Every structure is written in C-alpha cells, then in structure tokens.
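Report on the structure
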Amino acid sequence: MGTQRPNEEASGTGRRALLGAAVLGAGGAVLGMTGTARADGARTGGGQSGNGGLKSLPKPTIVGHRGASGYRPEHTFGSYQLALDLGADIVEAGDLVPTKDGHLVCRHEPEIGGTTDVADHPEFADRKKTKLLDGVSTTGWFTEDFTLAELKTLRAIERIPANRPHNTLYNGRWEIPTFEEVLKWQDEQTRARGKQVWIYPELKHPTYFRKQGLPLEERVAKLLRKHRKDRRTSPVIIQSFEPTSIERLDKLVDNPLVVLLSSADSRPWDFVETGDPRTVADLVKPAGLREIASYAQGIGPTLDLVIPRDAKGNLTQPTALVRDAHQAGLILHPWTMRNENPFLPANFREGTDADAYGDVFGAYKAYFATGIDGVFTDQPDTGVLAREDFVGD
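Before going into details, it helps to say that this report is about the structure given with it. Starting from 1, residues in each chain are numbered consecutively following that chain's sequence as written. Confidence filtering applies because this is a predicted model: local features only for residues at pLDDT of at least 70, side-chain atom pairs given and counted only at 80 or more, and all residues used for totals across whole chains, interfaces and linings. Each side-chain value is worked out from all heavy atoms of the structure, with water and hydrogens disregarded.

**Describing the overall build of the protein**
Only DSSP runs of H or I reaching four residues or more are called helices, and only runs of E reaching two or more are called strands; each is numbered from the N terminus. What the protein contains, in helices and strands, is 14 helices and 13 strands. Whether a residue is buried, partly exposed or exposed follows from its accessible area with a 1.4 Å probe, protein chains only, as a fraction of its type maximum: under 20%, in between, or over 50%, in that order. Looking at the protein as a whole, 59% of its 393 residues are labelled buried. Accessible surface, the protein: about 15,000 Å² in total, of which carbon and sulfur atoms supply 53%. Note on areas: Shrake-Rupley, 1.4 Å probe, and residue coverage restricted to the protein chains presented here.

**Brief notes about the sheet that holds strand β1 (residues 61-64)**
Following DSSP output, two strands are said to pair if at least two bridges run between them. Pairing in this open sheet of four strands is parallel, and the strands run β7-β2-β1-β13 from one edge to the other. With partners counted over all chains shown, the strands left at the sheet margins are β7 (198-199) and β13 (374-377), one partner each. In this structure, β1 lies alongside β13, joined through four bridges in parallel fashion. When the bridges of β13 are listed, I62 appears paired with V375.

**A short note on the sheet that holds strand β4 (residues 104-106)**
What the seven strands build is an open sheet, ordered β4-β3-β8-β9-β10-β11-β12; its pairing is mixed. The sheet terminates laterally at β4 and β12 (331-332), the two strands that pair on one side only. Note: strand β8 (residues 202-203) against strand β9 (residues 238-240), two bridges, orientation parallel. Bridge pairing links L203 to S240 in β9.

**Comments concerning the packing of aromatic side chains**
Pairs were defined over the aromatic rings of Phe, Tyr and Trp, the Trp ring being its six-membered one, requiring ring centres within 6.5 Å. Orientation was assigned from the angle between planes: stacked under 30 degrees, edge-to-face over 60, tilted for the rest. Across all of its chains, the model carries 10 aromatic pairs by this definition. Look at Y208 and F209: their rings are 4.9 Å apart centre to centre, the planes differ by 75°, and that puts the pair in the edge-to-face class. Owing to a relative accessible area of 0%, F209 belongs among the buried residues under this scheme. What links up through ring pairs into an aromatic cluster is the set F77, Y80 and W185. Counting as a charge over the ring demands two things of the Lys NZ or Arg CZ atom: a distance within 6 Å of the ring centre and an angle within 35 degrees of the ring normal. Just above the ring of Y170 sits the side chain of R72; from NZ or CZ to the centre is 4.1 Å. Its guanidinium or amino end placed over the ring of F343, R338 lies 5.1 Å from that ring's centre, counting from NZ or CZ.

**Structural notes on the environment of A88**
Tracing the backbone shows A88 in the loop between α2 (77-85) and β2 (90-91). As for A88 and V63, which are separated by 25 residues in sequence, their C-alpha atoms are 5.7 Å apart. Ignoring anything within four residues of it in the chain, the contact list for A88 reads I62, G64, A83 and P380. Any pair of residues with heavy atoms lying within 4.5 Å of one another is described as a contacting pair.

**Some thoughts on helix α7 (residues 243-250)**
Those residues of α7 that sit buried are P243, S245, I246 and L249. Angularly, the buried residues of α7 cover 160° about the axis, an arc narrow enough to put them on a single face. In this context, the arc is that of the directions from the helix axis out to the C-beta atoms.

**Regarding the pairing of β1**
Within a regular strand, the side chains alternate between the two sheet faces. Residue alternation in β1 divides its side chains into two sets, T61 and V63 and I62 and G64, and both sets are buried. Of the strand pairs in this sheet, β1 and β2 are connected by two bridges, and their pairing is parallel. When the bridges of β2 are listed, V63 appears paired with I90.

**Examining the pairing of strand β6 (residues 136-140)**
Taken together, the five bridges between strand β5 (residues 129-133) and β6 define a ladder with antiparallel strand orientation. Counterpart to K131 in the pairing with β6 is T138. Adjacent in sequence and paired antiparallel, β5 and β6 are bridged by two residues, among which D134 carries a positive phi angle near 50°.

**A closer look at the nonpolar core**
Side chains of nonpolar character tend, in soluble globular proteins, to be buried together. Among the nonpolar cores identified, the biggest contains 82 residues, and F179, I238, I299 and M337 are the most heavily contacted of them. What I299 contacts, discounting residues up to four positions off in sequence, is V258, V259, L261, L289, I292, L321, A325, L330, I331, L332 and H333. Counting 12 residues, the second largest nonpolar core, distinct from the first, contains V63, W198, Y200 and F376. Here the nonpolar core consists of buried residues drawn from Ala, Val, Leu, Ile, Met, Phe, Trp, Tyr and Cys, with membership extended through side-chain atoms lying within 4.5 Å.

**Quick look at the side chain of N163**
Mapped onto the secondary structure, N163 falls in the loop between α3 (148-151) and α4 (179-193). Owing to a relative accessible area of 13%, N163 belongs among the buried residues under this scheme. In contact with N163, other than residues within four places in its own chain, are E340, P342, F343, A354 and D355.

**A look at the packing of α4 against helix α6 (residues 216-226)**
Orientation of α4 relative to α6, taken along the N-to-C sense of each, is 30°, at an axis distance of 11 Å. With respect to α6, the axis of α4 lies roughly parallel. Here α4 runs over α6; the crossing is right-handed. Residues F179, E180 and L183 of α4 form the contact with α6, whose own contacting residues are V220, L223, L224 and K226. By the convention adopted, Pro, Cys, Tyr, Trp, Phe, Met, Ile, Leu, Val and Ala count as nonpolar, Lys, Arg, Asp and Glu as charged, and the other residues, Gly among them, as polar. Per-class residue counts for the contact of α4 with α6 are five nonpolar, no polar and two charged. For helices, the axis comes from a line fit to the C-alpha atoms of the stretch in contact; other axes are also lines fit to C-alpha atoms, and the angle between any two N-to-C directions lies between 0 and 180 degrees. By definition in this entry, angles of less than 35 degrees are roughly parallel, angles greater than 145 are roughly antiparallel, angles of 65 to 115 are roughly perpendicular, and the rest are oblique. Crossing handedness: left-handed means the near helix sits turned counterclockwise from the far one by under a right angle, and right-handed means the same turn made clockwise.

**Some points on the packing of α2 against α4**
Relative orientation of the contacting elements α2 and α4 amounts to 30°, with a least axis distance of 12 Å. In this view, α2 runs roughly parallel relative to α4, as classed from their interaxial angle. α2 and α4 meet at a crossing whose hand is right-handed. Contacts between α2 and α4 involve F77, Y80, Q81, L84 and D85 from the former and E181, V182, W185, Q189 and R193 from the latter. Considering only residue class, the contact of α2 with α4 consists of five nonpolar, two polar and three charged.

In structure tokens:
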C-alpha cells in the first residue's frame, strides 16, 4: 500500500490498556467483537475458502495495513499476528518485491534502508546505491541487489519512529518474511483459529521490476497455484497501483483483484511508461470505473478521493466515487486510517504531538457513512471498535 501524505486515539495510556487486553485474548476471543457480522470461514487450510469469497467478509471490512503497523514494525510476522489478534478481517501480508535470486519478500518498498537494520551491516555498505524508482531518484539499499539468504540476515525496524516511538522497542526482533512463508502462515493461522484467514498482498512497482527481468505477476501466480490459492473464492485479494499489472494478473489467476488509486492528479507509472495520458481523475470517472470492472473486482482509493480535504486539511463533502464504483460493480477499500494526529483530517486532530491520538472514531464515522466497503488501518482494534459503533448506530 502506498504511503499516504501526513494528515492521521485516546491517550497513550488508554491505547496501551486496550492493546494489552486484546493481546491477552490472542488466538481466542478478540476484544470488542460482539454484535458484528463475521465471516464463517473455512475450517481447513486449503486454497478454497469455502465461504463465498468477498461476499462473506463483514462490512465495513477492517484490513490490517501491513499487519498491525501502528503497534509493531510493519511487514513482520509480529505485525501480521497482532493484526489477527486485534480483530482484523484481512491482513495486508505482503508488499511484494523480489530478491536478486527471484524470491518474493514482504517490504513496503524495494529500498530497505528505512525498514531494516541494513545500514548497521558493514558487509553490505557497498550495496548502497542511487536508482531511479518510478521516476524518483532514490538512494539506499534495494532488495533486488540481495539474495534471499543475505536478506534473511537483516532484521526489521520501525519505519516512522517519530510518530511511533513505542514501536522501536521491537526493532531487530523479526526478519523479513517471504511471500511463500506468508502463504504457509495463513494456513497455520486458519487451522489454529478455526476460521479462514484472509491476506491482501500488493505488487510493488511491477513495471520497474519487469524491466529488470524480475516480473512479479508470474511469480505471484506460480506461488498461488502451488498453494491452491489462485481461485475466485480463494482468501487472497491481490492489489497494485498499476492497472496493467492487474490486467496481466487477471489472465493468470482467478483471485479477487483490486486497482489502487493515489491522488487525482497522479498517473499510474505503467501509464507514464506506455504514454497513456490518463490520470487517476480519469480512472475514477464512470467510464474509467467500468473499464476497471472489466478485469478487477475492486478499487483501493486514497481516502481523499472519497472525501476531499480543503486547504486547511479539513474534510469537505464526499465525492460521487462510492456511488459510481458500486454502480460499476466494484467494491471500495480506501487507505489508510491511522490514529496519530498528523495523519488525520485537521478537524479530527487533538493537540499537536506527532504521536498523539486524535478523534479517530469521529473520522471513521465520517468515512463509513459514505458507504465504503472497508478500510485499511494501521490500528485494527480501533477499526473494529469504530465499526461496532457505526453498525450499532
């Protein structure tokens, strides 16, 4: 999932008390789940979910963004596990990028200087490079310059310590997961919890990697077929910011597919590469949505495409996107809800501290009222409670 521009609960004491109570119930009861429709799920770890696919998910669906990244370093099994413990309906287990030897690993970006301790490894000092990543000059260490064995010597760290200083407690605890490890973990968790666990991997920079001879779509499809999770009712939703990547996947697998959409004035990088002049503003028009619906089942728009903000950062009035997408037969899972003040709309912030929580429940209510089908969140427990409030109203 893309990184949202800064704009994003109770006091720290209240937050930790809630988190602690939820963790005590890990693997069993989850805090605050009463009164909410739940998917029945499969009772086995097989590829077929047996639960009617997307329609079986509760609404609004709570997607753990890179796991429970508000509480643990993102894209680690610690983060993924906690997201399930806190009640997430789906875990975004995997922003997928390749290694030098062709394995798929889970990192927010191919540049790993900000999410691992690679800078503390002198043996990799000469791997630091400057590359053009989707037109942006980027300096750091890149997964495609490492073998999987080399990446496994690294450990994950908190990506935004200024906003999440408590997460730095867990720096160095977890290694980088592979996508195949995630697929096996999904089966293990499904069996242990007695209900189907869903995941929501994203293909990162597919045009960039295809040019390097490391195409993502075929690798993902091969692993999904191997684990019998390549079907329309399989509990794996695949997403990408590049529409042509999703079109390619539509020919390789039958999984539910989602096109991610950034700001209205942006262009998907595959469009830039092929000379397609359209922007996201074109894709969210009825004609653009109908085209997306010809090969995908949903869209993942930035929240600002659902309710824009004014010059001061306050929420304004909802757009027609939810209505138009539903008329095209698409679901909407916008991104990303975060509890911390800098990421919230200005009219829901409380105080000025970068890591203080604002009125996130008020923000959830505003977004849920638009009719969205779900939302990505860094704090799944907050999303679950917000859904309970909304469903109970």
